[in-house]
Amino acid sequence: MRSYSLVAPAKINLYLQIVGDRPDGFHELVMVLQSIELADLVTVRPIGAETIQVRCNHPDVPQDQTNLAYKAADLMVRQFPDYFAKFGGVEINIQKRIPLGAGLAGGSSNAAAVLVGLDLMWNLGLTHSELQELGATLGSDIPFCISGGTSLATGRGEQLDGLPDLHDIYVVLAKYRDLPVSTPWAYKTYRQQFGDTYPKSVSEIETRKQQSRGMMAAIAQQNLAQIGKLLHNDLERVVLPEYLQVQQLRDRFQSLGVLGTMMSGSGSTVFGLVESQAHAEQVREQMKGAIADPNLDLWVTRFCPSGVRLATS
Ligand SMILES: C[C@@](CO)(OP(=O)(O)O)[C@H](O)COP(=O)(O)OP(=O)(O)OC[C@H]1O[C@@H](n2ccc(N)nc2=O)[C@H](O)[C@@H]1O
Ligand SMILES: Nc1ncnc2c1ncn2[C@@H]1O[C@H](COP(=O)(O)OP(=O)(O)O)[C@@H](O)[C@H]1O
């Protein structure tokens, strides 16, 4: 048995519409999810003892049972106890590059990489959709992190329909360090503030879902200018008033004339879309010059056509 190193990409949300309540207590969503090249590196390594160990180079990432990567390994152990008994445990090493609590699905992508990695290490031969079904029991974004690319995500975010790949689109990410936003808080607050407007009938639900049509058409036509204009995220309605620094990042991107700007997921990352690497680097420098705050982190990255993949050494 050998080790496997996997690239675990982050995602951004090009579209996030909260349609209403679900019977399971989650929210019914319509999202467009997009993988980006910014990624963690996750290595799974066989160890003799029947244990799961997590190591991470980032001091704030938990290295115990609460780590999503640990939970993914534990799920595989429970699903395939004979393999665990036969081959022993696993050490998971995470080289963290995706910021935490950023709305970029860093933890979810780590968990997705562990599912894919253990499938390879134990030679299970599971399909993507079998791994996604397992991943969905741990988190709504994990199935997407396995397949990646550009995808429509519905249900609670786990029902995926692939969309045409979007090429040559660059992304500038801006996030204040030490400003994580909790996903459960964002959804809970949204329900408190807007729950009374959630649709009651099936036909009203269907009508609301149609609001994403413009974005779907823009993606089908690969119309970047239109995609930039139609970016949407309902969670901004609760996060921006509470986190003024996030609003400020968004305003700043807007003033720099990017194709579009939006908060990703539940935040606190704000992204700006641009059409070339040179322009992306210029925008990053302009952001740095305009907001002289040492706690502001900026990245230039680009759309990526895949989810978790084997790292080439
Ligand atoms: C907001 C989004 C947008 O892509 O991502 P992030 O900002 O976390 O990256 C996702 O909807 C987050 O997905 P994920 O982070 O996997 O969430 P989960 O662990 O499944 O759920 C965390 C909590 O968020 C709420 N939740 C999540 C998904 C959903 N459709 N409805 C919800 O109400 C629930 O309160 C749940 O307990
Ligand atoms: N493998 C992991 N990577 C990052 N954070 C993790 C991981 N496992 C658990 N966590 C916890 O989950 C929190 C938010 O997770 P993260 O995936 O970074 O945010 P988001 O869902 O906003 O993209 C972190 O602050 C951390 O406490």
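This is a predicted model, so every value here is computed, not measured.

## Brief notes about the side chain of glutamate 28
With respect to the helices, strands and loops of the structure, glutamate 28 is situated in strand S2 (residues 27-47). Overall, glutamate 28 belongs to the buried group, its relative accessible area being 15%. A polar contact of 2.9 Å, which involves the side chain of glutamate 28, links it to the side chain of arginine 22. With near-sequence residues (within four places) excluded, glutamate 28 lies in contact with Gln17, Ile18, Val19, Gly20, Asp21, Arg22, Gly155 and Lys209.

## Some words on the UniProt feature "active site" (unreviewed entry) in the protein chain
Following the UniProt record, one finds the feature "active site" (unreviewed entry) at Lys11 and Asp141. In terms of the greatest pairwise C-alpha distance, the residues named above, spread along 131 residues, form a tight cluster of at most 9.3 Å across. Filtering out sequence-adjacent residues up to four positions away, lysine 11 remains in contact with Leu33, Gln34, Ser35, Ile36, Gly103, Leu104, Ala105, Asp141, Phe144, Ser264 and Gly265. A polar side-chain atom of lysine 11 sits 2.9 Å from the main-chain carbonyl oxygen of glycine 103. Structurally, the position occupied by aspartate 141 is in the loop between helix H4 (128-136) and helix H5 (142-147). Taking relative accessible area as the criterion, aspartate 141 reaches 18% and is therefore assigned buried. Those residues in contact with aspartate 141 that sit more than four places away from it in its chain are Lys11, Met31, Leu33, Ala105 and Ser108.

## Observations concerning the site of ligand 2
Every one of the 15 residues lining ligand 2 counts as a neighbour, but Gly101, Gly103, Ala105, Gly107 and Asn110 are closest to it. Within the contact set of ligand 2, an oxygen atom lies 2.9 Å away from a backbone nitrogen or oxygen of glycine 103. The side chain of asparagine 110 places a nitrogen or oxygen atom 2.9 Å from a nitrogen atom of ligand 2. Protein contact buries 75% of the 540 Å² of open area that ligand 2 shows by itself. Among the elements that line the shell around ligand 2, the one with the most residues is helix H3 (residues 106-121), at three residues. A per-class count over the shell around ligand 2 returns six nonpolar, eight polar and one charged.

## Observations regarding the pairing of strand S1 (residues 4-21)
Burial analysis of S1 places 16 of its 18 residues in the buried class, which makes it a mostly covered element. The pairing of S1 with S2 spans 15 bridges and is antiparallel. Opposite alanine 8, over in S2, you have aspartate 40 as the bridge partner. In this structure, the hairpin formed by S1 and S2 is closed by a connection of five residues, where glycine 25 is found at a positive phi of approximately 90°. Relative to strand S8 (residues 232-233), S1 is paired through two bridges, and the arrangement is parallel. Looking across to S8, one finds that tyrosine 15 is bridged to histidine 232.

## A word on the pattern of salt bridges
A side chain of one charge can pair with a side chain of the opposite charge when the charged atoms of the two come close. Tallied over the entire structure, the rule returns 17 salt bridges. In this structure, aspartate 40 engages lysine 96 in a salt bridge whose closest nitrogen and oxygen atoms are separated by 2.7 Å. Highlighted residues: aspartate 40 in strand S2 and lysine 96 in the loop between strand S4 (89-95) and H3, separated in sequence by 56 residues. Here aspartate 40 and lysine 96 have matching classes, each one buried. A cluster of three or more residues bridged by salt bridges with shared partners is formed by Arg22, Asp24, Glu28, Glu206 and Lys209.

## Considerations on the packing of aromatic side chains
Aromatic ring pairs are defined here through the distance separating the ring centres and the angle between the ring planes. For the coordinates displayed, the defined rule picks out six aromatic pairs. Ring geometry for phenylalanine 80 against tyrosine 83: centres 6.2 Å apart, planes inclined by 90°, an arrangement best described as edge-to-face. With a relative accessible area of 18%, phenylalanine 80 lands in the buried category. Judged by relative accessible area, which is 30%, tyrosine 83 ranks as partly exposed. Note on tyrosine 190 and tyrosine 198: the rings are 6.4 Å apart at their centroids and 20° apart in plane angle, and the pair reads as stacked. Taking relative accessible area as the criterion, tyrosine 198 reaches 5% and is therefore assigned buried. Ring pairs connect the aromatic residues Phe80, Tyr83, Phe87 and Trp122, which therefore count as one cluster. The ring of phenylalanine 26 has arginine 156 sitting right over it, with the charged end atom 5.2 Å from the ring centre.

Reading the values: rules and limits
- Residues numbered from 1 in each chain as written.
- Chains lettered and ligands numbered in written order.
- Predicted model: local features only at pLDDT ≥ 70, side-chain atom pairs only at ≥ 80, totals over all residues.
- Heavy atoms only, no water.
- Helix = DSSP H or I, 4+ residues; strand = E, 2+ residues; numbered from the N terminus.
- Buried < 20%, exposed > 50% of the residue type's maximum accessible area, 1.4 Å probe, protein only.
- Polar contact = N/O pair within 3.5 Å; in protein donor to acceptor, adjacent residues only side chain to side chain.
- Contact = heavy atoms within 4.5 Å.
- UniProt positions renumbered as here; feature names shortened; annotations may be inferred.
- Near = heavy atom within 4 Å.
- Areas by Shrake-Rupley, 256 points an atom, 1.4 Å probe, with all protein chains shown as cover.
- Nonpolar A, V, L, I, M, F, W, Y, C, P; charged D, E, K, R; others polar.
- Pairing = 2+ DSSP bridges.
- Salt bridge = Lys/Arg side-chain N within 4 Å of Asp/Glu carboxyl O.
- Phe/Tyr/Trp six-rings, centres within 6.5 Å; stacked < 30°, edge-to-face > 60°.
- Lys NZ or Arg CZ within 6 Å of the ring centre and 35° of its normal.

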